[in-house]
Amino acid sequence: MPARRKARKRALDVLYEADLRDLPPSQVMESYLERIEKPHPDHLGYTISLVDGVAKNLDRIDELIASYAEGWTLERMPVVDRNLARIAVFELLYVPEIDDPVAITEAVELAKQMSTDDSPRYLNGILGRIAEFATR
(Lines give C-alpha, C1' and ligand atoms only; values in the text may rest on other atoms or scores of the structure.)
Protein backbone atom coordinates (compact mmCIF):
# COMPACT_ATOMS: atom_id res chain seq x y z
CA MET A 1 0.00 0.00 0.00
CA PRO A 2 1.48 3.40 -0.95
CA ALA A 3 2.55 5.64 1.93
CA ARG A 4 -0.09 8.32 1.41
CA ARG A 5 -2.83 5.71 1.19
CA LYS A 6 -1.61 4.31 4.52
CA ALA A 7 -1.70 7.84 5.92
CA ARG A 8 -5.26 8.32 4.67
CA LYS A 9 -6.29 4.97 6.15
CA ARG A 10 -4.82 5.92 9.53
CA ALA A 11 -6.51 9.34 9.35
CA LEU A 12 -9.78 7.57 8.57
CA ASP A 13 -9.30 5.35 11.64
CA VAL A 14 -8.83 8.40 13.86
CA LEU A 15 -11.67 10.43 12.36
CA TYR A 16 -14.00 7.42 12.45
CA GLU A 17 -13.30 6.85 16.14
CA ALA A 18 -13.70 10.56 16.94
CA ASP A 19 -16.99 10.65 15.04
CA LEU A 20 -18.40 7.53 16.73
CA ARG A 21 -17.30 8.53 20.21
CA ASP A 22 -18.17 12.23 19.71
CA LEU A 23 -14.65 13.27 20.73
CA PRO A 24 -12.35 15.94 19.30
CA PRO A 25 -10.13 14.40 16.59
CA SER A 26 -7.05 15.87 18.30
CA GLN A 27 -7.82 13.90 21.47
CA VAL A 28 -8.27 10.67 19.53
CA MET A 29 -5.08 11.38 17.55
CA GLU A 30 -3.13 11.83 20.77
CA SER A 31 -4.40 8.50 22.09
CA TYR A 32 -3.68 6.85 18.75
CA LEU A 33 -0.08 8.07 18.79
CA GLU A 34 0.40 6.51 22.22
CA ARG A 35 -0.90 3.14 20.99
CA ILE A 36 0.97 2.69 17.70
CA GLU A 37 4.32 1.08 17.20
CA LYS A 38 7.54 2.96 17.58
CA PRO A 39 9.44 4.15 15.72
CA HIS A 40 6.50 5.82 14.06
CA PRO A 41 6.05 5.12 10.35
CA ASP A 42 7.24 7.76 7.87
CA HIS A 43 3.72 8.51 6.65
CA LEU A 44 2.50 9.47 10.13
CA GLY A 45 3.24 13.15 9.50
CA TYR A 46 0.74 13.19 6.64
CA THR A 47 -1.80 11.36 8.80
CA ILE A 48 -1.50 14.06 11.46
CA SER A 49 -1.82 16.84 8.89
CA LEU A 50 -4.98 15.24 7.48
CA VAL A 51 -6.60 14.81 10.90
CA ASP A 52 -5.64 18.34 12.01
CA GLY A 53 -6.70 19.84 8.69
CA VAL A 54 -10.09 18.14 8.70
CA ALA A 55 -10.66 19.14 12.33
CA LYS A 56 -9.71 22.80 11.75
CA ASN A 57 -11.85 23.10 8.61
CA LEU A 58 -14.69 20.78 9.58
CA ASP A 59 -17.49 23.33 9.30
CA ARG A 60 -16.53 24.35 5.74
CA ILE A 61 -15.87 20.75 4.70
CA ASP A 62 -19.20 19.49 6.08
CA GLU A 63 -21.02 22.42 4.50
CA LEU A 64 -19.67 21.46 1.08
CA ILE A 65 -20.40 17.77 1.50
CA ALA A 66 -23.96 18.54 2.63
CA SER A 67 -24.45 20.89 -0.33
CA TYR A 68 -23.35 18.32 -2.90
CA ALA A 69 -24.70 15.13 -1.30
CA GLU A 70 -27.95 15.02 -3.20
CA GLY A 71 -30.70 13.51 -1.12
CA TRP A 72 -28.48 12.67 1.85
CA THR A 73 -27.75 14.48 5.07
CA LEU A 74 -24.35 14.11 6.71
CA GLU A 75 -25.95 12.26 9.61
CA ARG A 76 -27.51 9.72 7.25
CA MET A 77 -24.24 8.89 5.50
CA PRO A 78 -22.33 5.85 6.69
CA VAL A 79 -19.63 6.99 9.14
CA VAL A 80 -16.86 5.60 6.92
CA ASP A 81 -18.17 7.46 3.85
CA ARG A 82 -18.63 10.69 5.75
CA ASN A 83 -15.05 10.64 6.98
CA LEU A 84 -13.57 9.53 3.66
CA ALA A 85 -15.39 12.45 2.07
CA ARG A 86 -14.01 14.80 4.72
CA ILE A 87 -10.44 13.67 4.05
CA ALA A 88 -10.88 14.00 0.28
CA VAL A 89 -12.51 17.43 0.49
CA PHE A 90 -9.71 18.62 2.75
CA GLU A 91 -7.20 17.46 0.14
CA LEU A 92 -9.21 19.04 -2.68
CA LEU A 93 -9.39 22.41 -0.96
CA TYR A 94 -6.26 22.71 1.14
CA VAL A 95 -3.51 20.41 -0.19
CA PRO A 96 -2.37 21.88 -3.51
CA GLU A 97 0.27 19.22 -4.16
CA ILE A 98 -2.46 16.53 -4.38
CA ASP A 99 -4.22 16.59 -7.74
CA ASP A 100 -8.01 16.48 -7.58
CA PRO A 101 -8.30 13.11 -9.40
CA VAL A 102 -5.82 11.57 -6.95
CA ALA A 103 -7.77 12.76 -3.89
CA ILE A 104 -11.00 11.39 -5.38
CA THR A 105 -9.48 8.08 -6.49
CA GLU A 106 -7.90 7.48 -3.09
CA ALA A 107 -11.25 8.02 -1.32
CA VAL A 108 -12.98 5.69 -3.78
CA GLU A 109 -10.31 2.98 -3.35
CA LEU A 110 -10.60 3.10 0.43
CA ALA A 111 -14.40 3.00 0.15
CA LYS A 112 -14.10 -0.18 -1.95
CA GLN A 113 -12.13 -1.79 0.87
CA MET A 114 -13.99 -0.44 3.87
CA SER A 115 -17.56 0.50 3.06
CA THR A 116 -20.69 -0.62 1.22
CA ASP A 117 -20.88 -1.72 -2.41
CA ASP A 118 -22.59 1.57 -3.32
CA SER A 119 -20.13 3.79 -1.49
CA PRO A 120 -17.38 4.07 -4.14
CA ARG A 121 -19.80 5.29 -6.83
CA TYR A 122 -21.58 7.59 -4.39
CA LEU A 123 -18.34 9.18 -3.12
CA ASN A 124 -17.00 9.52 -6.65
CA GLY A 125 -20.10 11.48 -7.60
CA ILE A 126 -20.08 13.82 -4.62
CA LEU A 127 -16.34 14.45 -4.75
CA GLY A 128 -16.39 14.97 -8.50
CA ARG A 129 -19.06 17.65 -8.15
CA ILE A 130 -17.17 19.33 -5.32
CA ALA A 131 -13.94 19.27 -7.35
CA GLU A 132 -15.71 20.71 -10.37
CA PHE A 133 -17.65 23.50 -8.71
CA ALA A 134 -16.36 24.27 -5.24
CA THR A 135 -12.63 24.38 -5.87
CA ARG A 136 -12.67 26.90 -8.73
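For the structure itself, look to the data block above.
For every chain, the first residue of the written sequence is number 1, and numbering continues from 1 onward in sequence order. In keeping with the model being predicted, local features are shown solely for residues with a pLDDT of at least 70 and side-chain atom pairs are shown and tallied solely at 80 or more, while totals for entire chains, interfaces and linings include all residues. Calculation of side-chain values draws on the structure's entire complement of heavy atoms; hydrogens and water are dropped beforehand.

## Section: empty space enclosed by the protein
Over the atoms a probe the size of a water molecule is rolled, and this reveals where empty space is left.
Line of reasoning, step 1. Only protein atoms enter the 1 Å grid used here. Points where a 1.4 Å probe fits but cannot escape make up a cavity, open sets with protein on both sides within 12 Å along at least five of seven lines make up a pocket, and a residue lines them when an atom lies within 4 Å of a point. Grid points are joined across faces, edges and corners, and a volume is the space filled by probe spheres set on the points. A complete count under the given rule lists 1 cavity of 30 Å³ or more for this structure.
Line of reasoning, step 2. Its volume calculated, the largest cavity comes out at about 40 Å³.
Line of reasoning, step 3. Lining the largest cavity we find Arg8, Leu84, Ile87, Ala88, Glu91, Ala103, Glu106, Ala107 and Leu110.
Line of reasoning, step 4. Split into classes, the residues belonging to the lining of the largest cavity amount to 6 nonpolar, no polar and 3 charged. Classification used: nonpolar for Ala, Val, Leu, Ile, Met, Phe, Trp, Tyr, Cys and Pro, charged for Asp, Glu, Lys and Arg, polar for all others including Gly.

## Some words on the layout of surface pockets
Line of reasoning, step 1. Empty space within the largest pocket amounts to approximately 160 Å³.
Line of reasoning, step 2. Along the walls of the largest pocket sit Leu15, Ala18, Asp19, Asp22, Leu23, Pro25, Val54, Ala55, Leu58, Asp62, Asn83 and Arg86, which together make up its complete lining.
Line of reasoning, step 3. Secondary structure elements are taken from DSSP: a helix is a run of H or I of four residues or more, a strand is a run of E of two residues or more, and numbering for both begins at the N terminus. Those elements giving two or more residues to the lining of the largest pocket turn out to be α1 (3–21), α3 (44–56), α4 (58–68) and α5 (79–94).
Line of reasoning, step 4. Its residues assigned to classes, the lining of the largest pocket shows 7 nonpolar, 1 polar and 4 charged.

## Quick look at α3
Line of reasoning, step 1. Between the first and last residue of a helix there are one fewer steps than residues, each counted as 1.5 Å, and that sum is the expected span. Between its first and last C-alpha atoms α3 spans 18 Å; for 13 residues at 1.5 Å apiece the expected length is 18 Å, and the two agree.
Line of reasoning, step 2. Residues Leu44, Tyr46, Thr47, Leu50, Val51, Gly53 and Val54 constitute the buried set of α3.
Line of reasoning, step 3. Contacts between residues were defined by any pair of non-hydrogen atoms, one from each residue, lying within 4.5 Å. Tucked inside the fold, the buried residues of α3 contact α1, α2 (25–35), α4 and α5. Buried residues are those whose accessible area, probed at 1.4 Å on protein chains only, stays under 20% of the maximum for their type, while exposed residues exceed 50% and partly exposed ones sit between those limits.

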